[in-house]
Protein chains: 4
Amino acid sequence: MTKPTATLLISCPDQRGLVAKIANFIYSNGGNIIHADQHTDFEAGLFLTRIEWLLEGFNLPRDFIGTAFNAIAQPLGAKWELHFSDTVPRLAIWVSHQDHCLFDLIWRQRAKEFNAEIPLIISNHPHLQGIAEQFGIEYLHIPITKDNKLEQEVKQLEILRDYKIDLVVLAKYMQIVSADFINKFPQIINIHHSFLPAFIGANPYHRAFERGVKIIGATAHYATADLDAGPIIEQDVVRVSHRDEVDDLIRKGKDLERVVLARAVRLHLQNRVLVYKNRTVVFE
Amino acid sequence: MTKPTATLLISCPDQRGLVAKIANFIYSNGGNIIHADQHTDFEAGLFLTRIEWLLEGFNLPRDFIGTAFNAIAQPLGAKWELHFSDTVPRLAIWVSHQDHCLFDLIWRQRAKEFNAEIPLIISNHPHLQGIAEQFGIEYLHIPITKDNKLEQEVKQLEILRDYKIDLVVLAKYMQIVSADFINKFPQIINIHHSFLPAFIGANPYHRAFERGVKIIGATAHYATADLDAGPIIEQDVVRVSHRDEVDDLIRKGKDLERVVLARAVRLHLQNRVLVYKNRTVVFE
Amino acid sequence: MTKPTATLLISCPDQRGLVAKIANFIYSNGGNIIHADQHTDFEAGLFLTRIEWLLEGFNLPRDFIGTAFNAIAQPLGAKWELHFSDTVPRLAIWVSHQDHCLFDLIWRQRAKEFNAEIPLIISNHPHLQGIAEQFGIEYLHIPITKDNKLEQEVKQLEILRDYKIDLVVLAKYMQIVSADFINKFPQIINIHHSFLPAFIGANPYHRAFERGVKIIGATAHYATADLDAGPIIEQDVVRVSHRDEVDDLIRKGKDLERVVLARAVRLHLQNRVLVYKNRTVVFE
Amino acid sequence: MTKPTATLLISCPDQRGLVAKIANFIYSNGGNIIHADQHTDFEAGLFLTRIEWLLEGFNLPRDFIGTAFNAIAQPLGAKWELHFSDTVPRLAIWVSHQDHCLFDLIWRQRAKEFNAEIPLIISNHPHLQGIAEQFGIEYLHIPITKDNKLEQEVKQLEILRDYKIDLVVLAKYMQIVSADFINKFPQIINIHHSFLPAFIGANPYHRAFERGVKIIGATAHYATADLDAGPIIEQDVVRVSHRDEVDDLIRKGKDLERVVLARAVRLHLQNRVLVYKNRTVVFE
């Protein structure tokens, strides 16, 4: 779809008539729905939906859509987000030593696999500056130590505001981001190099090797206060065997990390991910 | 859901307001939608949807729902099917020599993994009669030769009518069912022991071995006039290597055949499969 | 191979000349090697190998092969097992409520997918007696409570001895087998309904659902003193999504449990699994 | 292993004593085998093996190993290749429009995921020259038309000789390489964007979409005179659904193409692939 669209992501206490009410809101205002998907969690009594419609022919001005929808949403007790497809989100990619996810995301963005700008790379190490220069992206080296961490996080938050960043992608960024930081800037996707919830924390490949698993995985999730415990967006796995030493697990794992992180970022940028109860609904 | 539901499967030329109109039909009649999924094929200009709602509280009597919906469907040019969850479909399982799919389907039906009766097994061989007896299912041995085939098909059609069969499952039934038969009884799911469209026809495992593939598959599809060419409902694969001889491919393949056929049958019985342009939309 | 073979499974401190020495042992005695596979764990300094050769033409009588090989093995510091393909192992399948793995293993044994006898089913519940009768297998109902457990385990050990059982398969047997039991009867394969080491212990599907994983798995492993911590023989996974409620995870998981347990049992029965450092080498 | 090794890849009519004879050749010359794997195709009567040993302590000079081994190989009727791990193979990567495989291979080579030099990129289009410059690799634009093809192939063969190229990687190179070329330069790995043998030739994603497959794949194979019919080295798949339009299949397919081609190239460079009867044995 090259024509601009609007997308509503809604979560709402389940009740009769929701599908009709929301569809009517769009239809009665001249909108043409091009994608709609919903899910009801009966146990939680929650209705979740994603609706995308063409703005062409929609008779509410953009600035007013939110207000107008809220008139319906409020009585329903609904929480909602409104996005426009021609708003280009701005990503900051955070890295440490490894470059595979960074390279992969930059390549995909250039190939227009997802719609976003990458104005900024932040790293606690200087090593990957060359890649940033190669692709004309700003690179800020912000070293982290036990003592300066909180202070550096304050600085990082300011930078994110200055650069008007919408999403932080931790692309094998190996420092733990504090709960306070995440509280202030919640839009963070992390790639963890294991099949969560197995092997939380450091050295998952070494621990996977020790455990003698026959399958390794990678998990992309929203960062939360608890390490590697946030809502999972996407996971994938690959088979391994006794022939794979730790270095082989790391090597095979990198292929997973790249593709899993990229899928998650793309799904998020397309406003296809709804979070509730520490889980995600992914409207593919 | 243990409460009875109604399901509409609709395919319709794409136009504005479809989601709203269909949702309204249900809502305005007191229905509570518990599952809704849709897909628009923009190129084909086709809108497809599955909507399921609780009959409890729905103020149209069952016998009238179709007529009432048709009043909306006709102006839209929509084709539709209406199903009720408490109508128990009747399956006829057709077999030849191999019993793995038969056993698997019977087990799942007993385990209530899908909602159907299995009143009948048809086979062109006598061998599997014992299994039928073990489970108290009628077994009809209808041998097929080049000369008697059409005549036996007439007999088979009568039997399907007498037993009020809703779905024929070709569970490694190794005779080709004629185009004429399929025309008269189109509800047929077949399991083909390859990853279609590779290795259509006989001996796919031998041919897969010759080709030296590193992955084998199985495909469940609706039978059509063209052999192994009907709309694919479900496929799955497993890795193989040079260590696998043909017998190993056959053995590993059986595990795939069982689970792929079972998934397809279950999806069909839950009215989650819509066919158009020789493809399926599966509303999982 | 229908001709009888002998198989040596050897683990040995790595040193020069091992492949040659072992191959020579067989060759110089007239043996024809039909399968050989090896693995060196350089870090652990351990060499592991599986060699299978035709007994036809081998000039050492069966009773003497072990002694003859030991003459080579001892100086090498090697541990080894010798198996003959025409020795039919005897399995005891232990169950509780669920029957899917039991049915699956019985079917495969009848279909000669693996070479073993199943003379005995043990259960802490009476429910599955009917299946045992259906297939003419002895069924012993041995109920377990907190108070009688150790005593019942003594009884179980006696029974395993009386029935000359070679392998116990815990096929969704839901009681924890004590460390003492495992010490006395170590040949036990268990199927755990998660992708270990995630979700050790009870209710893994419920916990997987809570965690919002996008993939679930099943793991077959040798039982050890630590719950669900023994050497992993085989694992496999299937994708799930927000549309899957706990019952769906359980249902999809059963398909994995069946095939993963069956693969592990078959590999073990073919003497293809070597254990070291709580990991397995699987010589497929 | 950072210490240099030698690798023998051998295929030989099956006969008694092969494992012993070959292992003895290495052992008796002071070699320490670090990896050995074998496979017997009983039907074809063929024995295939890969043996890798440390050159340190091996008492035959490199130049003589081949001759010495041939003394054993010839009476056995064996075909064999000898490789040294410190010989760095030289790759030429051929491209057309798409850059994803090219980028991926260059990244992996820089990351030392495989041991090779990439001195040359050849393309029938000028577009990807920038990438070559970015990474300091020679780029030769050799346009192909119906009329100049054979003449350009002569030129290409000369270039491959001048650059001392050991392996040509067709990385989404969209011209068909003639049988004559392949005859003169057989070391060619191609990535085909389907799960062979499905969708041979052009536009496999469009045809996969038409067929309504639920899984797409990519296949890396040695190029032979018959299009997309050469021995398969590696394949992999990903699930798709009705929600995926052709562009989505292409996008998802690219991820497969990258990783499948990379695995195949790495396996080949490590001398782990033996070809016979249009199939490969991959000694992982």
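See above for the structure.
The present account deals with the structure reproduced in this document.

Rules used throughout
- Residues numbered from 1 in each chain as written.
- Chains lettered and ligands numbered in written order.
- Predicted model: local features only at pLDDT ≥ 70, side-chain atom pairs only at ≥ 80, totals over all residues.
- Heavy atoms only, no water.
- Helix = DSSP H or I, 4+ residues; strand = E, 2+ residues; numbered from the N terminus.
- Rg over C-alpha atoms; globule rule 2.2 N^0.38 Å.
- Buried < 20%, exposed > 50% of the residue type's maximum accessible area, 1.4 Å probe, protein only.
- Contact = heavy atoms within 4.5 Å.
- Areas by Shrake-Rupley, 256 points an atom, 1.4 Å probe, with all protein chains shown as cover.
- Lys, Arg positive; Asp, Glu negative; His and termini not counted.
- Charge placed at Lys NZ, Arg CZ, Asp CG, Glu CD.
- Arc of directions from axis to C-beta.
- Least-squares fit on C-alpha atoms with pLDDT ≥ 70 in both.
- Pairing = 2+ DSSP bridges.
- Axes fitted to C-alpha atoms, helices over the stretch in contact; angles between N-to-C directions.
- Buried area = accessible area lost by both parts, 1.4 Å probe.
- Salt bridge = Lys/Arg side-chain N within 4 Å of Asp/Glu carboxyl O.
- Right-handed = clockwise from strand over helix to strand, strands pointing away.
- Nonpolar A, V, L, I, M, F, W, Y, C, P; charged D, E, K, R; others polar.
- Parallel < 35°, antiparallel > 145°, perpendicular 65-115°, else oblique.
- Left-handed = near helix turned anticlockwise from the far one by under 90°.
- Phe/Tyr/Trp six-rings, centres within 6.5 Å; stacked < 30°, edge-to-face > 60°.

**Considering the overall build of chain A**
Here is step 1 of the chain: Helix and strand counts for chain A come out as eight helices and 13 strands.
Here is step 2 of the chain: The globule rule puts the C-alpha radius of gyration for 284 residues at 19 Å, and the 20 Å found for chain A is close to it.
Here is step 3 of the chain: Its C-alpha atoms put chain A at 60 × 40 × 35 Å along the principal axes.
Here is step 4 of the chain: Per-residue burial over chain A gives 62% buried out of 284 residues.
Here is step 5 of the chain: Considering only residue pairs separated by 6 or more positions, chain A has 66% of its internal contacts joining residues 24 or more positions apart.
Here is step 6 of the chain: For chain A, the accessible surface area stands at approximately 11,200 Å², while carbon and sulfur atoms represent 51% of it.
Here is step 7 of the chain: Computed over 31 positive and 34 negative side-chain charges, the inter-centroid distance for chain A is 3 Å.

**Focus: helix α7 (residues 204-211) of chain D**
Residues spaced three or four apart along an α-helix face the same direction, because each turn holds 3.6 residues.
Here is step 1 of the chain: Among all positions of α7 of chain D, only Pro 204, Tyr 205, Ala 208, Phe 209 and Arg 211 of chain D are buried. For α7 of chain D, the arc enclosing every buried residue in end-on projection is 165 degrees, short of the 170-degree limit, so these residues lie on one face.
Here is step 2 of the chain: Next to the buried residues of α7 of chain D lie β11 (232-239) and β13 (279-282) of chain B together with β9 (188-192), β10 (215-222) and α8 (246-269) of chain D.
Here is step 3 of the chain: Where α7 of chain D terminates, the next one or two residues include Gly 212 of chain D, which has phi positive at roughly 70 degrees.

**A word on the relation of the copies chain A and chain C**
Here is step 1 of the chain: Once chain A has been moved 0.0 Å along the axis and rotated by 180 degrees, it coincides with chain C to within an RMSD of 0.0 Å. Such a combination of turn and shift is consistent with a two-fold rotation axis. Proximity to the rotation axis, assessed at the C-alpha, singles out Ala 198 of chain A in chain A; its C-alpha lies 2.3 Å from the axis.
Here is step 2 of the chain: A share of 100% of interface residues in chain A that are also interface residues in chain C marks the association as one of identical surfaces.

**Here we look at the sheet that holds strand β10 (residues 215-222) of chain B**
Residues and elements named next belong to chain B.
Here is step 1 of the chain: The seven strands are arranged β7-β6-β5-β8-β9-β10-β11 in an open sheet whose pairing can be described as mixed. Each edge of the open sheet carries a strand with a single partner, namely β7 (138-141) and β11. Sheet twist, expressed as the average angle between the axes of neighbouring strands with direction ignored, equals 15 degrees.
Here is step 2 of the chain: Two strands pair when backbone bridges link them, and strand β5 (residues 90-95) and strand β6 (residues 117-123) are joined in this way by five bridges, in the parallel orientation. Opposite Val 95, over in β6, you have Ser 123 as the bridge partner.
Here is step 3 of the chain: Sheet strands touched by helix α3 (residues 100-110): β5, β6, β8 (167-170) and β9 (188-192). Its angle to β6, the strand with the most contacts, is close to 170 degrees.

**Topic: the interface of chain D and chain B**
Here is step 1 of the chain: Opposite the 38 residues of chain D that make contact, chain B presents 38 residues.
Here is step 2 of the chain: Of the roughly 3,000 Å² buried between chain D and chain B, counting both surfaces, carbon and sulfur atoms make up 52%.
Here is step 3 of the chain: Among the residues chain D hides against chain B, the three largest losses belong to Arg 211, Lys 214 and His 242 of chain D. Together they make up 23% of the total.
Here is step 4 of the chain: Inspection of the chain D/chain B interface yields six salt bridges.

**Here we look at the environment of Trp 53 of chain B**
Residue and element names in this part refer to chain B.
Here is step 1 of the chain: One can find Trp 53 in strand β3 (residues 46-54).
Here is step 2 of the chain: Assessed through its relative accessible area of 0%, Trp 53 is described here as buried.
Here is step 3 of the chain: Separated by 31 residues in sequence, Trp 53 and Phe 84 have C-alpha atoms that sit 9.8 Å apart.

**Some remarks on the pairing of strand β5 (residues 90-95) of chain D**
Remember that side chains alternate between the two faces of the sheet whenever the strand is regular.
Residue and element names in this part refer to chain D.
Here is step 1 of the chain: Burial analysis of β5 places five of its six residues in the buried class, the great majority of the element.
Here is step 2 of the chain: The handedness of the β5 to strand β6 (residues 117-123) crossover, carried by helix α3 (residues 100-110), is right-handed.
Here is step 3 of the chain: For β5 and strand β8 (residues 167-170), the ladder comprises four bridges, and the chain directions are parallel. Counterpart to Trp 94 in the pairing with β8 is Leu 170.

**Focus on the interface of chain A and chain C**
Here is step 1 of the chain: Counting residues at the interface gives 38 residues for chain A and 38 residues for chain C.
Here is step 2 of the chain: Roughly 3,000 Å² of surface becomes buried between chain A and chain C when both sides are summed, with 52% attributable to carbon and sulfur atoms.
Here is step 3 of the chain: The largest per-residue losses of area from chain A upon contact with chain C belong to Arg 211, Lys 214 and His 242 of chain A, which jointly make up 24% of the total buried on that side.
Here is step 4 of the chain: Linking chain A with chain C are six salt bridges, by the criterion used here.
Here is step 5 of the chain: Notably, a salt bridge pairs Arg 279 of chain C with Glu 210 of chain A, separated by 3.8 Å at the nearest N-O pair.
Here is step 6 of the chain: Only β2 (32-41), α7 (204-211), β11 (232-239) and β13 (279-282) of chain A provide two or more residues apiece to the side of chain A that touches chain C.
Here is step 7 of the chain: Considering every element that reaches the side of chain A that touches chain C, the biggest residue donor is β11 of chain A, with seven residues.
Here is step 8 of the chain: Within the side of chain A that touches chain C, the residues separate by chemical class into 17 nonpolar, seven polar and 14 charged.

**Brief notes about the environment of Ala 202 of chain D**
Here is step 1 of the chain: Within the fold, Ala 202 of chain D resides in the loop between β9 and α7.
Here is step 2 of the chain: For the pair Ala 202 of chain D and His 192 of chain D, spaced ten residues apart in sequence, the C-alpha to C-alpha distance is 9.6 Å.

**Quick word on the relation of the copies chain D and chain B**
Here is step 1 of the chain: Rotating chain D by 180 degrees and translating it 0.0 Å along the rotation axis places it on chain B, where the RMSD comes to 0.0 Å.
Here is step 2 of the chain: The fraction of interface residues of chain D whose copies in chain B are also interface residues reaches 100%, indicating that both copies meet through the same surface.

**Regarding the sheet that holds strand β11 (residues 232-239) of chain D**
Residue and element names in this part refer to chain D.
Here is step 1 of the chain: Pairing is mixed across the open sheet formed by seven strands, whose spatial order is β7-β6-β5-β8-β9-β10-β11. Each edge of the sheet is formed by a strand with only one pairing partner; in this case those strands are β7 (138-141) and β11. Going across the sheet, the axis of each strand differs from the next one's by a mean of 20 degrees, ignoring polarity.

**As for the pattern of salt bridges**
Here is step 1 of the chain: If you walk through the whole model with that rule in mind, you get 76 salt bridges over all chains.
Here is step 2 of the chain: Between Lys 172 of chain B and Glu 257 of chain B there is a salt bridge; the shortest N-O distance is 2.8 Å. One end of the pair, Lys 172 of chain B, is in the loop between β8 and α6 (179-184); the other, Glu 257 of chain B, is in helix α8 (residues 246-269), and 85 residues separate them in sequence. You'll find Lys 172 of chain B and Glu 257 of chain B in the same group, each marked buried.
Here is step 3 of the chain: Where Arg 90 of chain C meets Glu 117 of chain C, a salt bridge forms, and the shortest distance between an N and an O atom there is 2.9 Å. Within this pair, whereas Arg 90 of chain C is found in strand β5 (residues 90-95), its partner Glu 117 of chain C is found in strand β6 (residues 117-123), the two being separated by 27 residues in sequence.
Here is step 4 of the chain: Residue classification places Arg 90 of chain C among the partly exposed positions, given a relative accessible area of 22%.
Here is step 5 of the chain: The network of salt bridges with shared partners includes Asp 104, Arg 108 and Glu 113 of chain A together with Asp 255 and Arg 258 of chain D.

**A short note on the packing of helix α3 (residues 100-110) of chain A against helix α8 (residues 246-269) of chain A**
Residues and elements named next belong to chain A.
Here is step 1 of the chain: One way to put it is that α3 packs onto α8 with a least axis distance of 9 Å and a crossing angle of 45 degrees. Judged by the inter-axis angle, α3 sits oblique to α8. Of the two possible hands of crossing, α3 and α8 adopt the one that is right-handed. Contacts between α3 and α8 involve His 100, Cys 101, Asp 104, Leu 105 and Arg 108 from the first element and Lys 254, Glu 257, Arg 258, Val 259, Leu 261, Ala 262 and Val 265 from the second.
Here is step 2 of the chain: A class-by-class count of the residues in the contact of α3 with α8 yields six nonpolar, one polar and five charged.

**Here we look at the packing of helix α7 (residues 204-211) of chain C against helix α8 (residues 246-269) of chain C**
All names here are of chain C.
Here is step 1 of the chain: Taken N-terminus to C-terminus, the directions of α7 and α8 make an angle of 125 degrees; their axes are 9 Å apart at the nearest point. Comparing their axes, α8 and α7 come out oblique. As for the relative orientation of α7 and α8, their crossing is right-handed in sense. Where α7 abuts α8, its residues Tyr 205, His 206, Ala 208 and Phe 209 lie against Val 246, Leu 249, Ile 250, Gly 253, Lys 254 and Glu 257.

**Looking at the packing of aromatic side chains**
All names here are of chain A.
Here is step 1 of the chain: Within this structure, the stated rule accounts for 30 aromatic pairs over all chains.
Here is step 2 of the chain: With a centroid separation of 5.2 Å and an interplanar angle of 65 degrees, the aromatic rings of Phe 25 and Phe 69 are classed as edge-to-face. Here Phe 25, found in helix α1 (residues 18-28), pairs with Phe 69, found in helix α2 (residues 62-76); they are 44 residues apart in sequence, far enough to count as distant. For the residue pair Phe 25 and Phe 69, the accessibility class agrees, reading buried in each case.

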